[in-house]
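The chain contents come next:
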Amino acid sequence: MASVPHIQMPHTSEEGAANRKPSPDEKFIQVKDLSFWYGEKQVLFDLNLDIPKNKVTAFIGPSGCGKSTLLRNFNRLNDLVEGVRHTGDITIGGRSIYDEKLDVITLRKRVGMVFQKYNPFPKSIYENVIFSKRIAGVNKKSELDEVVVRSLQGAALWEEVKDRLHDSALGLSGGQMQRLCIARAIANDPPVLLMDEPCSALDPIASSKIEELIHELKDRYTIVIVTHNMQQAARVSDRTAFFYLGKLIEYDETENIFLHPRNPQTEAYVSGSIG
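Residues numbered from 1 in each chain as written. Predicted model: local features only at pLDDT ≥ 70, side-chain atom pairs only at ≥ 80, totals over all residues. Heavy atoms only, no water.

### Re the overall build of the protein
At step 1: Looking only at helices and strands, the protein has 11 helices and 10 strands in total.
At step 2: Here the C-alpha radius of gyration of the protein, 19 Å, is about what a compact globule of 275 residues would show, namely 19 Å.
At step 3: Over its C-alpha atoms, taken along the principal directions, the protein stretches across nearly 55 × 45 × 35 Å.
At step 4: Evaluated residue by residue, the protein yields a buried proportion of 50% over its 275 residues.
At step 5: Within the protein, residue pairs in contact and separated by at least 24 positions form 69% of the contacts whose partners lie at least 6 positions apart. (Helix = DSSP H or I, 4+ residues; strand = E, 2+ residues; numbered from the N terminus. Rg over C-alpha atoms; globule rule 2.2 N^0.38 Å. Buried < 20%, exposed > 50% of the residue type's maximum accessible area, 1.4 Å probe, protein only. Contact = heavy atoms within 4.5 Å.)

Structure below.
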């Protein structure tokens, strides 16, 4: 197959990992026979995959293949679109996200989201980070201060903004704004962090900082990232899922997807023959 240039693969010490039986931790997020429709249009078809805990899983594939739709199902953001429906199930930590007894707001606190375009609120840096805490009625200053420090440190932004926490967030650079959005997303310390093209609006230097941050965050969070940048997927992820026309074509250790794909469609995509 044609080689993919300038891709540095994540280190792995496990041979044949794709063939062994997953441990319970590797089934932290489970997608089971999931199909999904926007009105009459079906966009996801019978998806099944297990996403491991405290790893980075990348979704790749051409535009319109369903990867962002699947990502937004994990915190049920698609519920906000009129006329959607699904069959099958998604579980996080063993519990169905479609459980009638599950509060959707609680789910979204447990599943943080970072969007393609950084979207800080027109508030101070401090108030951006603690926004969800304010909404939840938390007003104790010492508690809020602790959340701000922890979240900004977790997003590798604390040293850059610690002396201007009460300045407008809109005065930050693009890369800083995206890291602020990550800080806001982890303020509730969610077990899952979703990232939808988090570097697409950033320059290469800012993108590199986000990628370094992703490596650091996976020790505390289970991360799922959607990206069109295959080099980025290869650099940051432990496992990669390739989607095409709403179907999961191949899902494996990232090294296998890029260097030893089993499916001809996967090989064609990662080698640039199809896009």
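### Remarks on the sheet that holds strand S5 (residues 95-96)
At step 1: The strand order across the open sheet formed by 4 strands is S2-S1-S4-S5, and the pairing between neighbours is antiparallel. Either end of the sheet is taken by a strand with one partner, and the two such strands are strand S2 (41-51) and S5. (Pairing = 2+ DSSP bridges.)

### Some details on the pattern of salt bridges
At step 1: Tallying each qualifying case throughout the model produces 14 salt bridges.
At step 2: One salt bridge in this structure joins Lys162 and Glu159, with 2.9 Å as the shortest N-O distance.
At step 3: Here Lys162 falls in the partly exposed class, since its relative accessible area comes to 35%.
At step 4: The class for Glu159 is exposed, based on a relative accessible area of 59%.
At step 5: Residue Arg235 is joined to Glu211 by a salt bridge in which the shortest nitrogen-to-oxygen separation is 2.8 Å. With a gap of 24 residues between them, Arg235 in helix H9 (residues 230-236) and Glu211 in helix H8 (residues 204-217) connect regions that are remote in the sequence.
At step 6: The network of salt bridges with common partners includes Glu250, Asp252 and Arg262. (Salt bridge = Lys/Arg side-chain N within 4 Å of Asp/Glu carboxyl O.)

### Digging into unusual backbone geometry
At step 1: You will see that Asp33, though not glycine, has its phi angle at about 50°, which is positive.
At step 2: Relative to the helices and strands, Asp33 resides in strand S1 (residues 29-38).
At step 3: Residue Asp33 is classed as partly exposed on the basis of its relative accessible area of 48%.
At step 4: The phi dihedral of Asp189 falls on the positive side, at around 50°, and the residue is not glycine.
At step 5: Turning to its location among the elements, Asp189 is positioned in the loop between helix H7 (174-185) and strand S7 (192-196).
At step 6: Look at Asp189 and you get partly exposed, because its relative accessible area is 42%.

### A word on helix H5 (residues 141-154)
At step 1: In this model, H5 (14 residues) spans 20 Å end to end at C-alpha, consistent with the 20 Å of a helix rising 1.5 Å per residue.
At step 2: Every buried residue belonging to H5 is among Leu144, Val147, Val148, Ser151, Leu152 and Gly154, and all of these are buried. Relative to the axis of H5, the buried residues are bounded by an arc of 155° and lie together on one face.
At step 3: Where the residues of H5 are buried, they touch helix H3 (125-129), helix H4 (131-135), helix H6 (158-161), H7 and H8.
At step 4: Downstream of H5 by one or two residues, Ala156 has phi in the positive range, about 55°. (Expected span 1.5 Å × (residues − 1). Arc of directions from axis to C-beta.)

### Examining the pairing of S2
At step 1: As paired strands, S1 and S2 are joined by 7 bridges and run antiparallel to one another. Paired with Ile29 across the strands is Ile51, a residue of S2.
At step 2: The hairpin formed by S1 and S2 contains 2 residues between the paired strands, and Gly39 there has a positive phi angle of roughly 65°.

### So, the nonpolar core
At step 1: If you look at the biggest cluster of nonpolar residues, it comprises 50 residues, and the most contacted ones within it are Leu152, Leu193, Met195 and Leu217.
At step 2: Discounting chain neighbours no more than four positions away, the residues touching Leu217 are Gly154, Ile182, Ile186, Leu193, Met195 and Ile223. (Core = buried A, V, L, I, M, F, W, Y, C linked by side-chain atoms within 4.5 Å.)

### Things to note about the sheet that holds strand S8 (residues 222-226)
At step 1: Spatially, the 6 strands line up as an open sheet ordered S6-S7-S8-S3-S9-S10, and their pairing is mixed. Each edge of the open sheet carries a strand with a single partner, namely strand S6 (111-114) and strand S10 (247-253). Each adjacent strand pair in this sheet contributes to an overall mean axis angle of 15°, direction not counted.
At step 2: Two elements, strand S9 (residues 239-244) and S10, share 6 bridges in a ladder whose sense is antiparallel. Bridged to Arg239 within S10 is Glu253. (Axes fitted to C-alpha atoms, helices over the stretch in contact; angles between N-to-C directions.)

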